[in-house]
Amino acid sequence: MRKTTTLSLLATGLIALGCGAGATDDATSSKDDAGSAKGEDKPAKTAKIGQAARDGKFEFTVKSSKCGVAKVGTSMIGDKAQGQFCLVTINVKNIGKEPQTLDGSSQKAYAADGTEYSSDTEAGLYANKEQSTFFEEINPGNQVTGVFVFDIPKNVKLTKLELHDSMFSGGIEVALS
């Protein structure tokens, strides 16, 4: 309980500090997209695993996706899935001219029926032994590779990701199948 409260307070504070971080960034989607007419930012195209896809100041490359994982971490400390964990390894490169914070909680996964799943930031801390994907600042030209964790029902299969350079960006889709 104490760890969850501390993480929540930390996340709230960091979100408040970065509230405008990506508001003026140029995302991959164009202003002429049909979904943008109502103020909705929809991803402009869909990339595949292994292809670089850009949103704002970040270039994302999904390296792999593995579902059916029951627990992340070590035998002494870790996190157990409510259903199953899907571990998605992603390389993120800052292609901008100033530091940008990678917010793991802004990344989404979708099932074939359109159900949206958010990343599990606590499980992500255990899955990333050497690199954090939760509020990691990346300087221009630098890149990080990390595992984003999604806790989904056992009978569900993820079909795509929607990756964002910030919580305010339009995002870019990456097909998982």
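Not measured: the values here are computed from a predicted model. (Residues numbered from 1 in each chain as written. Predicted model: local features only at pLDDT ≥ 70, side-chain atom pairs only at ≥ 80, totals over all residues. Heavy atoms only, no water.)

### Observations regarding the pattern of salt bridges
Reasoning step 1: Considering all chains together, one arrives at 3 salt bridges under this definition.
Reasoning step 2: Close ionic contact of Glu 59 with Arg 54 constitutes a salt bridge, the shortest N to O distance being 3.0 Å.
Reasoning step 3: Lys 57 serves as the salt-bridge partner of Glu 98, at 2.8 Å between the closest nitrogen and oxygen. In this pair, Glu 98 is assigned in the loop between strand S4 (78–94) and strand S5 (100–103) and Lys 57 in the loop between strand S2 (52–55) and strand S3 (58–73), connecting sequence segments 41 residues apart.
Reasoning step 4: Residue Glu 98 is classed as partly exposed on the basis of its relative accessible area, which comes to 45%. (Salt bridge = Lys/Arg side-chain N within 4 Å of Asp/Glu carboxyl O. Helix = DSSP H or I, 4+ residues; strand = E, 2+ residues; numbered from the N terminus. Buried < 20%, exposed > 50% of the residue type's maximum accessible area, 1.4 Å probe, protein only.)

### Thoughts on the state of the cysteines
Reasoning step 1: The full count for this structure, using the stated rule, is 1 disulfide.
Reasoning step 2: Each sulfur in the disulfide pair Cys 67 and Cys 86 lies 2.0 Å from the other. Linking Cys 67 and Cys 86, the disulfide has an S-S dihedral of approximately 115° and is accordingly described as right-handed. Placement of Cys 67 in strand S3 and of Cys 86 in strand S4 is noted, with a sequence separation of 19 residues between them.
Reasoning step 3: Judged by relative accessible area, which is 0%, Cys 86 ranks as buried. (Disulfide = S-S within 2.5 Å.)

### Some details on the nonpolar core
Reasoning step 1: Of all hydrophobic cores here, the largest spans 25 residues; its most connected members are Ile 90, Phe 150 and Leu 161.
Reasoning step 2: At the level of secondary structure, the elements contributing two or more residues to this core comprise S3, S4, strand S6 (108–111), strand S9 (143–152), strand S10 (158–163) and strand S11 (172–175).
Reasoning step 3: Contacts of Leu 161, omitting those with residues within four sequence positions, involve Val 62, Val 88, Ile 90, Lys 108, Ala 109, Phe 150, Ile 172, Glu 173, Val 174 and Leu 176.
Reasoning step 4: Residues Phe 85, Ala 123, Tyr 126 and Val 149 belong to the second largest nonpolar core, which totals 10 residues. (Core = buried A, V, L, I, M, F, W, Y, C linked by side-chain atoms within 4.5 Å. Contact = heavy atoms within 4.5 Å.)

### Focus on the confidence of the model for the protein
Reasoning step 1: Per-chain confidence: the protein averages 81 in pLDDT, with 75% of residues scoring 70 or above.
Reasoning step 2: Of all the helices and strands in the protein, helix H1 (residues 2–17) carries the lowest mean pLDDT, 41, while S6 carries the highest, 98.
Reasoning step 3: Low pLDDT, under 50, characterises residues 1–40; the stretch is placed with 36 contacts to residues that sit more than four places away or in other chains. (pLDDT = per-residue confidence, 0-100.)

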